[in-house]
Amino acid sequence: MGQEIERKFLLCNDSWRSGASGILFRQGYLSTDRERTVRVRLEGECGVLTIKGLSRGISRAEFEYPIPAAEAALLLDTLCLQPLIEKTRYRVEHAGRIWEIDEFAGDNAGLVLAEVELTSEEDVVEIPPWAGAEVSSDPRYFNANLVRHPFRSW
């Protein structure tokens, strides 16, 4: 079984931007049930279907499958809940770990989050100086919830 273990942080400054390049993501949800989410994503020109289970702490079941980009685009435009999540994802290395920084656009413009994936909930992580408050357990920051309650409406 696939598993995702990640911690999320708000950002407190823009010093992470030095040398960072990003890729545009468009993603939508076919299901945002509490027990499961089914997400379609275009990562640049690559389509991905992701199924995630119920979060338990900072862990949850996760299964990802590549799908044709044209099919991902059709699903996003016709079957996914609206509005779609639009963001640019940056990958930044800090202390031997890759951090993914999402700068949201559209209805979630103004929100910038950093995530780091772990192999275990007990992993020790050196927090970068640009990472602010941890929001790993705050459901407002789950992408599936940002569809129903966009950041602009907070």
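Fair warning: this is a prediction, and the values are worked out from it, not measured in the lab. (Residues numbered from 1 in each chain as written. Predicted model: local features only at pLDDT ≥ 70, side-chain atom pairs only at ≥ 80, totals over all residues. Heavy atoms only, no water.)

(A) View of the state of the cysteines. Scanning the model with the defined rule gives 0 disulfides in all. For Cys 46, which is in no disulfide, the shortest distance to another cysteine sulfur is to Cys 80 and amounts to 17 Å. The exposure class of Cys 46 is partly exposed, given its relative accessible area of 47%. (Disulfide = S-S within 2.5 Å. Buried < 20%, exposed > 50% of the residue type's maximum accessible area, 1.4 Å probe, protein only.)

(B) Inspection of the side chain of Glu 6 at higher detail. Secondary-structure assignment places Glu 6 in strand S1 (residues 3-11). Excluding residues within four positions of it along the chain, Glu 6 makes contact with Ile 58, Glu 115, Val 116, Glu 117 and Ser 136. (Helix = DSSP H or I, 4+ residues; strand = E, 2+ residues; numbered from the N terminus. Contact = heavy atoms within 4.5 Å.)

(C) The side chain of Glu 4, seen in detail. When you line up the elements, Glu 4 lands in strand S1. On the basis of relative accessible area, Glu 4 is assigned to the buried category, the value being 4%. Not counting the four nearest positions on each side in its chain, Glu 4 is found in contact with Lys 52, Ile 58, Ser 59, Arg 60, Glu 62 and Glu 117.

(D) View of the nonpolar core. Within the largest apolar cluster, 16 residues are counted, with the highest numbers of intra-cluster contacts made by Leu 11, Trp 16, Trp 99, Ile 101, Ala 114, Leu 118 and Trp 130. Listing elements by their share of this core, those giving two or more residues are S1, strand S6 (85-94), strand S7 (97-104) and strand S8 (112-117). Those residues in contact with Trp 16 that lie beyond four places of it in its chain are Leu 11, Tyr 90, Val 92, Ile 101, Val 112 and Trp 130. Listed in part, the 10 residues of the second largest apolar core include Phe 104, Ala 144, Leu 146 and Val 147. (Core = buried A, V, L, I, M, F, W, Y, C linked by side-chain atoms within 4.5 Å.)

(E) Representation of the pattern of salt bridges. Evaluated as defined, the whole model comprises 18 salt bridges. The shortest N-O distance in the salt bridge between Glu 115 and Arg 89 comes to 3.9 Å. Of the two residues, Glu 115 sits in strand S8 while Arg 89 sits in strand S6, which places them 26 residues apart along the sequence. Under the relative-accessibility criterion, Glu 115 is labelled buried at 7%. (Salt bridge = Lys/Arg side-chain N within 4 Å of Asp/Glu carboxyl O.)

(F) The arrangement of the packing of aromatic side chains in detail. If you walk through the whole model with that rule in mind, you get 5 aromatic pairs. Centre to centre, the rings of Phe 9 and Trp 99 are 5.6 Å apart; their planes meet at 55°, and the pair counts as tilted. Placement of the pair is Phe 9 in strand S1 and Trp 99 in strand S7, with a sequence separation of 90 residues. A single burial state applies to Phe 9 and to Trp 99, both of which are buried. (Phe/Tyr/Trp six-rings, centres within 6.5 Å; stacked < 30°, edge-to-face > 60°.)

(G) Fine view of the environment of Glu 117. Note that Glu 117 resides in strand S8. Beyond its immediate stretch of four places on either side in the chain, Glu 117 contacts Glu 4, Ile 5, Glu 6 and Arg 97.

(H) Structural detail: unusual backbone geometry. Omega for the peptide link from Gln 82 to Pro 83 comes to 0°, which places this bond in the cis form. Here Pro 83 shows up in the loop between helix H1 (69-78) and S6. Positive phi, close to 50°, is recorded for Ala 95, a residue that is not glycine. Summarising the element assignment, Ala 95 is placed in the loop between S6 and S7. We classify Ala 95 as partly exposed; its relative accessible area is 47%.

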